[in-house]
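Remarks on the overall topology
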Amino acid sequence: MNNIKENIQKIKYQINQACHDTSQTYSQKNESSSNNKQNFVTLLAVSKTKPASAIEQAYLVGQRDFGENYLQEAIEKITTLSHLPEICWHFIGPIQSNKTKQIAQHFSWVHSVDRAKIAHRLNNHLNETNQQIHHQDTSLNICLQVNISEEPSKSGIMSSEVFSLAEVVDNCDKLTLRGLMAIPEKNAGEASYEKMQHLFKKLQAQYPTVDTLSMGMSNDLALAITYGSTMVRIGTAIFGERAGKIG
Ligand SMILES: *Cc1c(COP(=O)(O)O)cnc(C)c1O
C-alpha cells in the first residue's frame, strides 16, 4: 500500500518529463507563439474499485483530484471521505440519464457528457437543488467525451458533433464547458491523438472557458501529453492492477 506515494512521485516525474519534451518539440517546430507555451498538466487519480483508505493515502501526499466510474461505489467513498476539505471528485464513467441527479449532487466535474439530454438534466438538477448544495461554487465542470477512434463499443460523440453539443452545454447556466475527453484506441497509432488536439484547439478558440483536454491513461500518458493533453487519468500506475474484469 505504501507504493501509492512512490507511484504518484513517479507519475509526476513522467508528466514533467513529457511536458519538457513537448515544449522542446514545439520550439523546434517553430510553431506560433500560442502553441509555444509550456503545458500544464493535472494528474487525475482514477480510484475506481479501490478502497477509501487508498484514496486517503494519496490525499495525504498531496493528490486532490480523483476520478470514479461507478456511481454507487463512488458515493460511498465520497461520503466516507467528506472530512478531506480539498478533495475534488470527477465522474468519468458512462452516464445513464436516471443517475444525473446524484452525479450533479456529488461531483465537481463530469468528463463523460455525450448527449444534450444529459447536459440538460444535470443543469436542471443543479437549479432545483441550489439551496442544498454546500460548496459555494454550484457550477459543474463539463468535458464532452469524444469517440475519437470511432469504436462501436465505446461511448462518446463523433468529432462532427462536438460543436453542437458544446453550444448546448455553454447555454446551460449551471454548467461550465471545460473541454474534451477521449480514450484513443490502443494500437491505432497517433492519428487519434492528433485529431483530439486539433478539435481541442478549435473549441478553445471559440469558448474562453475551455482549458481541459482529458486524455492519457497509465499506458499512454506521455503520448497524450505530446498531443496537448492537460489532464491525464491514471489508475493502475498509482493504485495497482484492479481485481476482476471491470474497468
Ligand atoms: C479506468 C479508467 C482510467 C484509468 O485507466 P488506467 O489504465 O488504470 O490508468 C482512465 N479513464 C477512464 C475513463 C477509465 O475508465
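I will try to describe carefully the structure that is included in this document. Position numbers for residues start from 1 in each chain and track the written sequence from start to end. Given that the model is predicted, a residue must reach a pLDDT of at least 70 before its local features are reported, and side-chain atom pairs must reach 80 or more before they are shown or counted; all residues, however, enter totals for whole chains, interfaces and linings. Where side-chain values are given, they derive from all heavy atoms of the structure, hydrogens and water being excluded.

**So, the overall build of the protein chain**
Secondary structure elements follow DSSP: runs of H or I no shorter than four residues count as helices, runs of E no shorter than two count as strands, and numbering proceeds from the N terminus. A tally of regular secondary structure across the protein chain gives 10 helices and eight strands. Among the 247 residues that make up the protein chain, the fraction classed as buried is 49%. For the protein chain, restricting intrachain contacts to residue pairs at least 6 apart in sequence, the fraction spanning at least 24 positions comes to 60%. Partly exposed residues are those whose accessible area sits between 20% and 50% of the maximum for their type, while under 20% is buried and over 50% is exposed, using a 1.4 Å probe and protein chains only. Contact definition: two residues touch when any of their heavy atoms are within 4.5 Å.

**Brief notes about the packing of helix H6 (residues 116-128) against helix H7 (residues 162-170)**
Relative orientation of the contacting elements H6 and H7 amounts to 10°, with a least axis distance of 9 Å. In this view, H6 runs roughly parallel relative to H7, as classed from their interaxial angle. Where H6 approaches H7, its residues Ala116, Ala119 and His120 are matched on the opposing element by Leu165, Val168 and Val169. Between the N-to-C directions of two axes lies an angle of 0 to 180 degrees, each axis being a line fitted to C-alpha atoms and, for a helix, fitted only over the stretch in contact. Each angle is binned into one of four classes, with values under 35 degrees roughly parallel, values over 145 roughly antiparallel, values of 65 to 115 roughly perpendicular, and all other values oblique.

**A word on the site of the ligand**
Throughout, the term near means that a residue has one or more heavy atoms lying within 4 Å of the molecule or strand in question. Taken together, Val46, Lys48, Asn69, Ile92, Ile183, Met217, Ser218, Arg233, Ile234, Gly235, Thr236 and Arg242 form the complete shell of residues around the ligand. Polar contacts, as counted here, are pairs of nitrogen or oxygen atoms within 3.5 Å of one another; within protein the pair requires one atom able to donate a hydrogen and one able to accept it, and residues that are adjacent in sequence qualify only if both atoms are side-chain atoms. The side chain of Arg242 places a nitrogen or oxygen atom 2.8 Å from an oxygen atom of the ligand. Polarity classes work like this: nonpolar for Ala, Val, Leu, Ile, Met, Phe, Trp, Tyr, Cys and Pro, charged for Asp, Glu, Lys and Arg, and polar for all others, with Gly in that last group. For the shell around the ligand, the class distribution of residues is five nonpolar, four polar and three charged.

**A short note on the nonpolar core**
Here the nonpolar core consists of buried residues drawn from Ala, Val, Leu, Ile, Met, Phe, Trp, Tyr and Cys, with membership extended through side-chain atoms lying within 4.5 Å. By size, the foremost hydrophobic cluster in this structure holds 66 residues, and its most contacted members are Leu122, Leu144 and Leu180. The element best represented in this core is helix H1 (residues 3-29), accounting for six residues. Lining this core are residues from two domains, each supplying at least three of them: domain 1 (1-91 + 224-247) and domain 2 (99-215). When neighbours within four sequence positions are excluded, Leu180 is seen to be in contact with Cys143, Leu144, Val146, Val162, Met196, Leu199, Phe200, Leu203, Thr212, Leu213 and Ser214. In terms of nonpolar packing, the next biggest core, distinct from the first, is built from eight residues, Cys88, Ile92, Cys143 and Met231 among them. Domain extents, as shown, originate in an automatic or database domain assignment.

**Regarding H7**
Among the residues making up H7, those that are buried are Val162, Leu165, Ala166 and Val169. In an axial view of H7, the angular spread of the buried residues amounts to 105°, which keeps them on one side of the axis. Considering only its buried residues, H7 is in contact with strand E4 (109-113), H6, strand E5 (140-146), strand E6 (175-182) and helix H8 (191-206). The arc under discussion is defined with respect to the helix axis, by the directions toward the C-beta atoms.

**Thoughts on the packing of aromatic side chains**
The aromatic pairing rule takes the rings of Phe, Tyr and Trp, using the six-membered ring of Trp, and pairs them if the centres are within 6.5 Å, calling planes under 30 degrees apart stacked, those over 60 edge-to-face and the rest tilted. The full count for this structure, using the stated rule, is three aromatic pairs. Note on Tyr193 and Tyr227: the rings are 6.3 Å apart at their centroids and 35° apart in plane angle, and the pair reads as tilted. Placement of the pair is Tyr193 in helix H8 and Tyr227 in the loop between helix H9 (221-226) and strand E8 (231-234), with a sequence separation of 34 residues. For Arg64, the ring lying beneath its charged end belongs to Tyr59, and the centroid distance is 3.8 Å. By definition, being over a ring means that NZ of Lys or CZ of Arg is both within 6 Å of the ring centre and within 35 degrees of the ring normal.

**Structural notes on unusual backbone geometry**
Trans is the prevailing form of peptide bonds, just as negative phi is the prevailing case for residues other than glycine. In this model, Thr49 sits at a positive phi of 70°, which is unusual for a non-glycine residue. Inspection of the secondary structure puts Thr49 in the loop between strand E1 (42-46) and helix H3 (52-60). The phi dihedral of Glu150 is positive, around 50°, even though this residue is not glycine. Structurally, the position occupied by Glu150 is in the loop between E5 and H7.

The analysis is restricted to geometry; functional conclusions fall outside its scope.
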